[in-house]
Amino acid sequence: EDQVTQSPEALRLQEGESSSLNCSYTVSGLRGLFWYRQDPGKGPEFLFTLYSAGEEKEKERLKATLTKKESFLHITAPKPEDSATYLCAVLVYSGGGADGLTFGKGTHLIIQP
Amino acid sequence: KAGVTQTPRYLIKTRGQQVTLSCSPISGHRSVSWYQQTPGQGLQFLFEYFSETQRNKGNFPGRFSGRQFSNSRSEMNVSTLELGDSALYLCASSYGQGDEQYFGPGTRLTVT
């Protein structure tokens, strides 16, 4: 069974204090790994897609990396507006093409001014 | 370009009733997926439609069904509602299967 585990469950940082969120996965036939940000009461907002080990993507203060077993979302010098739940999801190959996304439970990030 | 829209945004139903939720994908997107989000289980895949055909289905009972129209708009239906069906139902669209999915704001369903 495909599994996606995110850690930590919650993280509180001071503004400007850099850190990393982890997403480890156990799947067969990874097609892609996706990072989303979700604000309370809203749908997830797409951030990055990573397809192969060694790949990196950057956007403003966020950088996502991928290995064969896990992905990291690095947050550099975060601001209060970066506070949100960050979700990791995997898409796997199946007999019918690609299955739906399997999500981790998320990391609830709070950035204090 | 307009994002994914979902209607209604909020819904209150009684146990045993049925409900239909609607989703309009981003223009040009042909794949629509539905997810259920609850505090306990997180985001769980319900099903995916591509070119009016259900391509994949998650591990949910047959009370959950959906369809897609020729303009890619999609509906999902839940029959014989149970209290445990209370959740945020999210629709996501993508250009094709396997591409990044863009989510709508969701429909908050409360079953009493």
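The structure we're discussing is the one just above.
Summary of the structure given here. (Residues numbered from 1 in each chain as written. Chains lettered and ligands numbered in written order. Predicted model: local features only at pLDDT ≥ 70, side-chain atom pairs only at ≥ 80, totals over all residues. Heavy atoms only, no water.)

### Points about the side chain of Ser22 of chain B
Locating Ser22 of chain B in the fold gives a position in strand β3 (residues 19–24). Sequence-distant contacts of Ser22 of chain B, that is, excluding residues within four places in its chain, are made with Thr5, Gln6, Thr7, Trp34, Arg73, Ser74 and Glu75 of chain B. (Helix = DSSP H or I, 4+ residues; strand = E, 2+ residues; numbered from the N terminus. Contact = heavy atoms within 4.5 Å.)

### Some remarks on the sheet that holds strand β1 (residues 3–7) of chain A
Residue and element names in this part refer to chain A. Strand order in the open sheet formed by five strands is β1-β3-β8-β7-β6, and the pairing between neighbours is antiparallel. Either end of the sheet is taken by a strand with one partner, and the two such strands are β1 and β6 (56–59). Between one strand and the next, the sheet's axes are offset by a mean angle of 15°, whatever the strand orientation. As paired strands, β6 and strand β7 (residues 62–66) are joined by four bridges and run antiparallel to one another. Looking across to β7, one finds that Glu58 is bridged to Lys63. (Pairing = 2+ DSSP bridges. Axes fitted to C-alpha atoms, helices over the stretch in contact; angles between N-to-C directions.)

### Remarks on the environment of Ala92 of chain B
Residue and element names in this part refer to chain B. Checked against the element boundaries, Ala92 lands in strand β9 (residues 87–94). Taking the C-alpha atoms as reference points, Ala92 and Phe45, separated by 47 residues in sequence, lie 11 Å from one another. Beyond its immediate stretch of four places on either side in the chain, Ala92 contacts Ser31, Val32, Ser33, Tyr35, Gln101, Tyr102 and Phe103.

### Considerations on the state of the cysteines
All chains considered together, the criterion is met by two disulfides over all chains. For Cys23 of chain A, the disulfide goes to Cys88 of chain A, at an S-S distance of 1.9 Å. The disulfide joining Cys23 of chain A to Cys88 of chain A has a torsion of about -55° about its S-S bond and is therefore left-handed. Remark: Cys88 of chain A occurs in strand β9 (residues 84–94) and Cys23 of chain A occurs in strand β3 (residues 19–26); sequence separation between them is 65 residues. By relative accessible area, which is 0% here, Cys88 of chain A ends up buried. Two residues share a disulfide in this structure: Cys23 of chain B and Cys91 of chain B, whose sulfurs sit 1.8 Å from each other. Judged by the torsion about the S-S bond (-55°), the Cys23 of chain B/Cys91 of chain B disulfide is left-handed. (Disulfide = S-S within 2.5 Å. Buried < 20%, exposed > 50% of the residue type's maximum accessible area, 1.4 Å probe, protein only.)

### Here we look at the interface of chain B and chain A
Every contact between the two is made by 21 residues of chain B and, on the other side, 21 residues of chain A. Taking both partners together, chain B and chain A bury about 1500 Å²; carbon and sulfur atoms supply 52% of that area. Between the two partners, chain B and chain A, sit four residue pairs in polar contact (both at pLDDT 80 or more). Of all elements in the fold, only β4 (31–38), β5 (42–50), β9 and β10 (102–103) of chain B reach the threshold of two or more residues within the side of chain B that touches chain A. Counting residues per element, the side of chain B that touches chain A draws most heavily on β5 of chain B, which supplies four residues. Its residues assigned to classes, the side of chain B that touches chain A shows eight nonpolar, nine polar and four charged. (Buried area = accessible area lost by both parts, 1.4 Å probe. Polar contact = N/O pair within 3.5 Å; in protein donor to acceptor, adjacent residues only side chain to side chain. Nonpolar A, V, L, I, M, F, W, Y, C, P; charged D, E, K, R; others polar.)

### So, the pairing of strand β5 (residues 45–50) of chain A
Residue and element names in this part refer to chain A. The buried fraction of β5 is high, at five of six residues. Pairing between strand β4 (residues 30–38) and β5: five bridges, direction antiparallel. Across the sheet, the residue bridging to Tyr36 is Phe46, located in β5. Hairpin connection of β4 to β5: six residues between the antiparallel strands, including Gly41 at a positive phi of 75°.

### Topic: the packing of aromatic side chains
In this structure the tally under the stated criterion is 10 aromatic pairs over all chains. On the numbers, 5.8 Å between centres and 90° between planes, the contact of Phe103 of chain A with Tyr35 of chain B is edge-to-face. You can see Phe103 of chain A sitting in strand β11 (residues 102–103) and its partner Tyr35 of chain B sitting in strand β4, one on each of two chains. Note on Phe103 of chain A: relative accessible area 9%, which makes it buried. Take Tyr35 of chain B: its relative accessible area is 0%, and that puts it in the buried class. The interplanar angle of 70° and the centroid separation of 6.1 Å between the aromatic rings of Phe103 of chain A and Phe103 of chain B together place this pair among those described as edge-to-face. Residue Phe103 of chain A is located in strand β11, and its partner Phe103 of chain B is located in strand β10; the two belong to separate chains. Of the aromatic side chains, those joined through ring pairs into one cluster are Tyr36, Phe46 and Phe103 of chain A together with Tyr35, Phe45, Tyr102 and Phe103 of chain B. (Phe/Tyr/Trp six-rings, centres within 6.5 Å; stacked < 30°, edge-to-face > 60°.)

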